[in-house]
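Per-entry structural report
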Amino acid sequence: MPQIICRDLSLGYDGVSVCEHVNFWVNKGDYLCVVGDNGSGKSTLMKALLGLKAPEGGEIIKEGIEYIGYLPQQNELQRDFPATVREVVLSGRVAKLGKRLFYTREDKRAAVECMERLGIAELAKKSYGELSGGQQQRVLLARALCATGDMLLLDEPVSGLDPAATADMYNLISELNRKEKITVIMVTHDISAALKYASGVLHMSATPEFFSSAEDYKNSPCFAVGRGECNE
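In short, a report on the structure.

Cut-offs and rules
- Residues numbered from 1 in each chain as written.
- Predicted model: local features only at pLDDT ≥ 70, side-chain atom pairs only at ≥ 80, totals over all residues.
- Heavy atoms only, no water.
- Axes fitted to C-alpha atoms, helices over the stretch in contact; angles between N-to-C directions.
- Helix = DSSP H or I, 4+ residues; strand = E, 2+ residues; numbered from the N terminus.
- Parallel < 35°, antiparallel > 145°, perpendicular 65-115°, else oblique.
- Left-handed = near helix turned anticlockwise from the far one by under 90°.
- Contact = heavy atoms within 4.5 Å.
- Nonpolar A, V, L, I, M, F, W, Y, C, P; charged D, E, K, R; others polar.
- Buried < 20%, exposed > 50% of the residue type's maximum accessible area, 1.4 Å probe, protein only.
- Pairing = 2+ DSSP bridges.

Here the focus is the packing of helix H4 (residues 105-117) against helix H5 (residues 133-146). The interhelical angle for the contact between H4 and H5, taken along N-to-C directions, is 135°, at an axis separation of 9 Å. Relative to H5, H4 is oriented oblique. In this structure, H4 meets H5 at a crossing whose hand is right-handed. When H4 is examined against H5, the residues Ala110, Ala111, Cys114 and Arg117 are found in contact with a partner set consisting of Ala142, Leu145 and Cys146. The class makeup of the residues in the contact of H4 with H5 is 6 nonpolar, no polar and 1 charged.

Rendered as structure tokens:
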């Protein structure tokens, strides 16, 4: 049973279309990479999946997903965010607060567990802004994980990281997907990573887009070695 089905989905802003007639589905435990040129609608699709952007056409069907963890692209202001690591991770539980004003003991325990799972428990009291780029991304991944046990949406999670930190982040995400069966939807420009880790690829472009397995993507018209651009 798919957790998400996007059927004939069209998205846009102020009457200007960003993407049209997008069709794909995501099953429990899938690892879907969303690729394509800038402006093709990848980040807009993330907003739609999170319920932050209403479709201009078509529909998004969600089955059995209560909460989605989201790791957005960072900007420089966010990199200097004045909070401790513990506070940032714990903020992943905000959606579960409902009408409550304070975090529960269960919320705090979940934050500790997520920090431990991602190897950042010793950083709990450190200022987020003082961390390296790789450490910050681990913290944001822990925050996303703290929000869900079902699905992670990751928007360019290795942007700005050095090669060692990039490899570390990919390994963490892959481990969460393989060992804990957490569904992953990741926007990326890194085609080699998509082919290495993903079970499926959605290539956003002028319609019709490509959606199939990572293996099929290698042989599709939308794949060019090292670039992942449409060759049509």
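Of all 5 residues that make up strand E8 (residues 200-204), 5 are buried, and the element is covered over most of its length. Burial along E8 is two-sided: the face carrying Gly200, Leu202 and Met204 and the face carrying Val201 and His203 are both buried. Relative to E8, strand E3 (residues 31-36) is paired through 5 bridges, and the arrangement is parallel. Bridge pairing links Leu32 to Gly200 in E8.

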